[in-house]
Amino acid sequence: MNQTDMTFSDQAKELRRIVELHRQESRTAGNMRTLAVLSGKGGVGKSNLSLNLACALAEQDQRIVLLDADLGLANIDMLCGITARYNLTHLIDGSKKMDDVLIEFVPNVWILPGGSGIRELADLDEPRLSELIDSLATLEDRADILIVDTGAGIHRGVLSFALAADTAILITTPEPTSIRDAYGVLKTLRASPKVGGRTDIAFVVNMTNSEEEGFEVASRIRKAANQFLGLSINYIGCIVNDDLVGKAVRIRKPFYQLYPASRASECIRKLVQTLLGTSERGITGAGSSRGLKAFFFRLTRKHFTER
Ligand SMILES: Nc1ncnc2c1ncn2[C@@H]1O[C@H](COP(=O)(O)OP(=O)(O)O)[C@@H](O)[C@H]1O
Ligand SMILES: [Mg+2]
C-alpha cells in the first residue's frame, strides 16, 4: 500500500468515525421517544401491536425497548416465547442491574418485563425513585424508542403511562363495545389538563375486515372525539383480521417475524411508515423529544402518585 492509499484509507476511516459519532450523538440523552399502547377493552391486540411494531421498527434501524407494563396479565414474553427471569421489581429492590433484567429478543429489540414492579412504582420513596429513574434513563444510551404495552381500561396505571408518553396509541376493534370503551378512555384522558398539550393521541383499528372498515370506524371516533371532547386524534392505520396472527400467537413468535408476507404484517409495515414519516412530529423528531428521564419523572410524579 503506498502513501496515497494509506491517506485515503485513513480519511475513509475518519469519515466513518465522524458519521458514527454523529449518529451516536443524535441518539443519546433526551432523544428517546416514548409510545404507550392502550385500549379501553382487553383482548383487542395491544400486546401483538406493541411487539410486532417493535420488530418492524427495528427493521428500520430503530432501537427499541419494549416495556411490558400490563398490571394484570404480562404477556409479551408469552408472545415471543421467552421466559423472563427478572423484572422491574428486581431493579426497584436493587437486586439486579438493567443488563440482568433486559432481554435482547432480536437485534435492536430489548424487552423489559414489568411484572409486579409496575404496581410498586406508585409507592416508592424519593431516593428509591430517583435511583430507579436514573437506572431507567440509562436505556436512553441503547435505544431510540420506548414502547409501553399497557393493560386495558381506565385505571390510574394505564392512564399514567398514556399521559407520560409522547404518543399514546389507542387501539380498538370495530366491535361496538370496544369502540365505546376506547371512547371512554378518550373521555378520561380529556379530563386530564395535560392532554391536548403534550401527548399526541394516535389511533389504530385492529381486526378489521378491510382498510375501508378501519377508516370508517376511525372517522366515526375522530368525529365524536372532535365534536364532543374537542380532541384531535390521528388515525394511523388498521390491522386486518388475519388468522396468521392467532397462529403465530400459538407458536409463540411475533407474526411479523414468522409471516412477514401476511396481510397483518403488511399493515404493520404501513403503520411504521406512518409513524416514522408522516405523523405530525414524527416519532423520532429530535426537536420535540423530551427524553426518557422526563417520561419516567412524569409517570411517577405527576400522575402515578395522584390518586
Ligand atoms: N389482527 C388480528 N387478526 C386476528 N387475530 C388477532 C389480531 N390481533 C389480535 N388478534 C387475536 O387477539 C388475541 C388478543 O391479542 P392481544 O395482543 O393479546 O390483546 P391485548 O394485549 O389487547 O389483550 C390474540 O391472541 C390474537 O389471537
Ligand atoms: Mg396484552
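Now for a look at the structure at hand. Remember, predicted model here, so these are calculated numbers, not experimental data.

### Considerations on the sheet that holds strand 1 (residues 33–39)
Phase 1 of the analysis: Here we have eight strands laid out as an open sheet, ordered 3-4-2-5-1-6-7-8, and mixed in their pairing. Edge positions in the sheet fall to strand 3 (103–106) and strand 8 (234–240), since each has one partner strand and no second. Averaged over all neighbouring strand pairs, the angle between strand axes comes to 25°, with direction disregarded.
Phase 2 of the analysis: Relative to strand 4 (residues 109–113), strand 2 (residues 64–69) runs parallel, the two sharing five bridges. When the bridges of strand 4 are listed, Val65 appears paired with Trp110.

### Here's the deal with helix 9 (residues 176–190)
Phase 1 of the analysis: The end-to-end C-alpha separation of helix 9 is 21 Å, in line with the 21 Å expected for 15 residues at 1.5 Å each.
Phase 2 of the analysis: For helix 9, the set of buried residues is Ser178, Asp181, Ala182, Val185, Leu186 and Leu189. Down the axis of helix 9, the buried set is contained in an arc of 150°. They therefore lie on one face. Away from its buried face, by an angle of more than 90 degrees, helix 9 presents the exposed residues Pro176, Thr177 and Arg180.

### A word on the site of ligand 1
Phase 1 of the analysis: Ligand 1 sits among 17 residues. The nearest are Gly45, Lys46, Ser47, Asn48 and Gly246.
Phase 2 of the analysis: Going through the elements one at a time, helix 2 (46–59), strand 7 (200–208) and helix 11 (243–251) are the ones with two or more residues in the shell around ligand 1.
Phase 3 of the analysis: In the shell around ligand 1, the residues fall into six nonpolar, nine polar and two charged.

### Digging into unusual backbone geometry
Comment: phi is negative for the bulk of residues other than glycine, and the bulk of peptide bonds are trans.
Phase 1 of the analysis: The backbone of Met207 shows a phi angle near 60°, a positive value even though the residue is not glycine.
Phase 2 of the analysis: Looking at the secondary structure, you find Met207 in strand 7.
Phase 3 of the analysis: Residue Met207 is classed as buried on the basis of its C-beta count, with 21 C-beta atoms lying within 10 Å.
Phase 4 of the analysis: Backbone geometry places Arg252, a non-glycine residue, at a positive phi of 65°.
Phase 5 of the analysis: Within the element layout of this structure, Arg252 appears in the loop between helix 11 and helix 12 (255–258).
Phase 6 of the analysis: Residue classification places Arg252 among the partly exposed positions, given that 13 C-beta atoms sit within 10 Å.

### Overview of the environment of Glu216
Phase 1 of the analysis: Mapped onto the elements of the fold, Glu216 is located in helix 10 (residues 211–229).
Phase 2 of the analysis: Spatially, the C-alpha atoms of Glu216 and Pro174 are 9.2 Å apart, while their sequence positions differ by 42 residues.

### Topic: the packing of helix 9 against helix 10
Phase 1 of the analysis: Where helix 9 meets helix 10, the axes come as close as 11 Å, and the angle between the chain directions of the two elements is 30°. Comparing the axis directions of helix 9 and helix 10 gives the class roughly parallel. Read as a crossing pair, helix 9 and helix 10 show a hand that is right-handed. On helix 10, the residues touching Ile179, Ala182, Tyr183, Leu186, Lys187 and Arg190 of helix 9 are Val217, Ile221, Ala224, Ala225 and Leu229.
Phase 2 of the analysis: Looking at the contact of helix 9 with helix 10 residue by residue, the classes come out as nine nonpolar, no polar and two charged.

### Some remarks on the environment of Glu211
Phase 1 of the analysis: Mapping Glu211 onto the fold places it in helix 10.
Phase 2 of the analysis: A count of 14 C-beta atoms within 10 Å places Glu211 in the partly exposed class.
Phase 3 of the analysis: C-alpha of Glu211 to C-alpha of Cys238: the two residues are 27 residues apart in sequence and 6.5 Å apart in space.

### What about the pairing of strand 1?
Phase 1 of the analysis: Where burial is concerned, most of strand 1 is hidden: seven out of the seven residues are buried.
Phase 2 of the analysis: The alternating pattern of strand 1 places Arg33, Leu35, Val37 and Ser39 and Thr34, Ala36 and Leu38 on opposite faces, both of which are buried.
Phase 3 of the analysis: In this structure, strand 1 lies alongside strand 5 (residues 145–152), joined through six bridges in parallel fashion. Across the sheet, residue Val37 finds its bridge partner in strand 5, namely Asp149.
Phase 4 of the analysis: Here strand 1 runs beside strand 6 (residues 167–172); their pairing, made up of four bridges, is parallel. Its bridge partner being in strand 6, Leu38 is matched across the sheet by Leu170.

Cut-offs used in this document
- Residues numbered from 1 in each chain as written.
- Chains lettered and ligands numbered in written order.
- Predicted model: local features only at pLDDT ≥ 70, side-chain atom pairs only at ≥ 80, totals over all residues.
- Pairing = 2+ DSSP bridges.
- Helix = DSSP H or I, 4+ residues; strand = E, 2+ residues; numbered from the N terminus.
- Axes fitted to C-alpha atoms, helices over the stretch in contact; angles between N-to-C directions.
- Expected span 1.5 Å × (residues − 1).
- Buried ≥ 20, exposed ≤ 12 C-beta atoms within 10 Å, placed from the backbone.
- Arc of directions from axis to C-beta.
- Near = placed C-beta within 6 Å.
- Nonpolar A, V, L, I, M, F, W, Y, C, P; charged D, E, K, R; others polar.
- Parallel < 35°, antiparallel > 145°, perpendicular 65-115°, else oblique.
- Left-handed = near helix turned anticlockwise from the far one by under 90°.
- Contact = placed C-beta atoms within 7 Å.

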